[in-house]
Amino acid sequence: MGKRDFLAINDLDDTEVSGILDMAASMKEGSFIGKPLREKTLAMIFAKSSTRTRVSFEVGVSQLGGQSLFLSSRDIQLGRGEPIQDTARVLSRYVHGIMIRTFAQDDVVQLARNATVPVINGLTDLLHPCQVLADLMTVREAHGTWEGIVVAWVGDGNNMANSWLNAAGLLGFELRLSCPEGFGPDAAILDFNTKRAPVHVVDSPHEAVKGAHVVTTDVWASMGQEDEAAHRREAFRGFGVDEALMAQAHPKAIFLHCLPAHRGEEVTEGVLEGSQSRVWDEAENRLHAQKALLVSLMGDHRDGDHD
Ligand code: CP
Ligand code: NVA
């Protein structure tokens, strides 16, 4: 079988998502003892900042017996204009997998096309599939399933919103999005997933969260949009998640945020630190979900058995 990439949630099927999250759960509880990345190296290219993605991948690879290389795009020749296609072919001669965080999704697609090793999308302007994989794990921990679950997205129709759309389309749960006018999700991703799942763009945050089991949001200005921050603060007025909005959701609703968060903008301190918030579990689950993903894409499966 050829190499597999993870550029978007729908590079997996629903059974694979469940299987990876089962393995992630066994890793979290400590019943996974293999070292399936022994003598394997993951190259990690970062063109944007990161705390969680960098640390969870580095620690995860190490726990699986492998090693990782942090490659800032400022320091490698990619940042001086070496083509991504050449970078892909060269890195493939040294390492067993490549994780990349960058701006254009097309760069990740080009990297994957030209690499002979698996490529993982660690965030682009369009998608953040590793985060939504961890979010799905967090939803399953809280609610036992994503079947019959209603997820409310409030705020910017950004990379996180687009990956939630792909997850809803793949797994079939209901997703309601409420975004300020002009800040909706990617039109093609919305259209594709509206045909596959009960996905609704609604008029107000109130309509989105009514009875929802998961309320989630993200920053109003993503990495690369720093110059638009002031304008966006105006445009997003009324799209913050506060205690009053959470009270409209299902009584057992959880609050998710991929972090970093801007308290007082897209979420209040009270919600972020409140009893319904699962954001720290969500951040932890990056480690477990990505370890399981790495095993499925790069692992020596003979050494990856559960006890
Ligand atoms: N959520 C997330 O991807 O965090 P980092 O930007 O810190 O990696
Ligand atoms: N939407 C945010 C997510 C950060 C993890 C960004 O792209 O900056």
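See the structure printed just above.
A short tour of the structure in this document, coming up. (Residues numbered from 1 in each chain as written. Chains lettered and ligands numbered in written order. Predicted model: local features only at pLDDT ≥ 70, side-chain atom pairs only at ≥ 80, totals over all residues. Heavy atoms only, no water.)

Let us look at the overall build of the protein. Each helix and strand counted, the protein has 12 helices and 9 strands in total. Rg of the C-alpha trace for the protein: 19 Å, near the compact-globule value of 19 Å for 307 residues, within the 12% margin. For the protein, the spread of C-alpha atoms along the principal axes amounts to about 55 × 45 × 35 Å. Looking at the protein as a whole, 54% of its 307 residues qualify as buried. Nonlocal contacts in the protein, meaning residues at least 24 apart in sequence, comprise 76% of its contacts between residues at least 6 apart. When the accessible area of the protein is evaluated, it comes to approximately 13100 Å², of which 48% is carbon and sulfur surface. Averaging the positions of the 29 positive and the 43 negative side-chain charges in the protein gives two centres separated by 4 Å. (Helix = DSSP H or I, 4+ residues; strand = E, 2+ residues; numbered from the N terminus. Rg over C-alpha atoms; globule rule 2.2 N^0.38 Å. Buried < 20%, exposed > 50% of the residue type's maximum accessible area, 1.4 Å probe, protein only. Contact = heavy atoms within 4.5 Å. Areas by Shrake-Rupley, 256 points an atom, 1.4 Å probe, with all protein chains shown as cover. Lys, Arg positive; Asp, Glu negative; His and termini not counted. Charge placed at Lys NZ, Arg CZ, Asp CG, Glu CD.)

Taking 1.5 Å per residue, 16 residues should reach 22 Å; helix α1 (residues 14-29) reaches 23 Å between its end C-alpha atoms and fits that length. Every buried residue of α1 is listed here: Val17, Ile20, Leu21, Met23, Ala24, Ser26 and Met27. At its buried positions, α1 is contacted by α5 (129-143), α6 (159-171) and α12 (279-298). Backbone nitrogen of threonine 15 and a side-chain oxygen of the N-cap are separated by 3.1 Å at the start of α1; the cap is aspartate 13. Positive phi shows up at glycine 30, right after α1, with a value of about 90°. (Expected span 1.5 Å × (residues − 1). Polar contact = N/O pair within 3.5 Å; in protein donor to acceptor, adjacent residues only side chain to side chain.)

This part is about the site of ligand 1. Residues in close proximity to ligand 1 include Ser50, Thr51, Arg52, Thr53, Arg101, His128, Gln131, Cys258, Leu259 and Arg286, which together make up its full environment. The separation between an oxygen atom of ligand 1 and a polar side-chain atom of histidine 128 is 2.8 Å. If ligand 1 stood free it would expose 250 Å²; the protein chains cover 96% of that surface. Of the residues belonging to the shell around ligand 1, the class tally is 2 nonpolar, 5 polar and 3 charged. (Near = heavy atom within 4 Å. Nonpolar A, V, L, I, M, F, W, Y, C, P; charged D, E, K, R; others polar.)

Residue placement: arginine 286 occurs in helix α12. Although buried, arginine 286 forms no salt bridge, and the nearest oppositely charged side chain, aspartate 135, lies 6.9 Å from it. A distance of 2.8 Å separates the side chain of arginine 286 from the side chain of threonine 53, its partner in a polar contact. Within the structure, arginine 286 has its side chain in polar contact with the side chain of glutamine 290 (distance 2.7 Å). Contacts of arginine 286, omitting those with residues within four sequence positions, involve Arg52, Thr53, Ser56, His128, Cys130, Gln131 and Ala134. (Salt bridge = Lys/Arg side-chain N within 4 Å of Asp/Glu carboxyl O.)

With that settled, the discussion passes to the site of ligand 2. The local shell around ligand 2 consists of Leu123, His128, Asn158, Asn159, Asp218, Val219, Ser222, Met223, Cys258 and Leu259. In this structure, a nitrogen atom belonging to ligand 2 sits 2.6 Å away from a side-chain N or O atom of aspartate 218. Between ligand 2 and serine 222, the relevant distance is 2.7 Å, taken from a nitrogen atom to a side-chain nitrogen or oxygen of the residue. Out of a free accessible area of 270 Å², ligand 2 has 94% covered by protein chains. For the shell around ligand 2, the per-class residue count stands at 5 nonpolar, 4 polar and 1 charged.

Moving on: the sheet that holds strand β4 (residues 119-121). Strand pairing in a sheet takes place through backbone hydrogen bonds and is either antiparallel or parallel in direction. Spatially, 4 strands are ordered β2-β1-β3-β4 in an open sheet, and the strand pairing comes out parallel. Edge positions in the sheet fall to β2 (67-72) and β4, since each of these pairs with one other strand and no more. Within this sheet the neighbouring strands show an average axis-to-axis angle of 20°, counted without direction. Direction of pairing for strand β1 (residues 41-46) relative to β2: parallel, over a ladder of 6 bridges. Following the sheet pairing, alanine 43 is matched in β2 by leucine 69. Running over the sheet, helix α4 (residues 105-114) touches β3 (97-101) and β4 and is turned about 165° from β4. (Pairing = 2+ DSSP bridges. Axes fitted to C-alpha atoms, helices over the stretch in contact; angles between N-to-C directions.)

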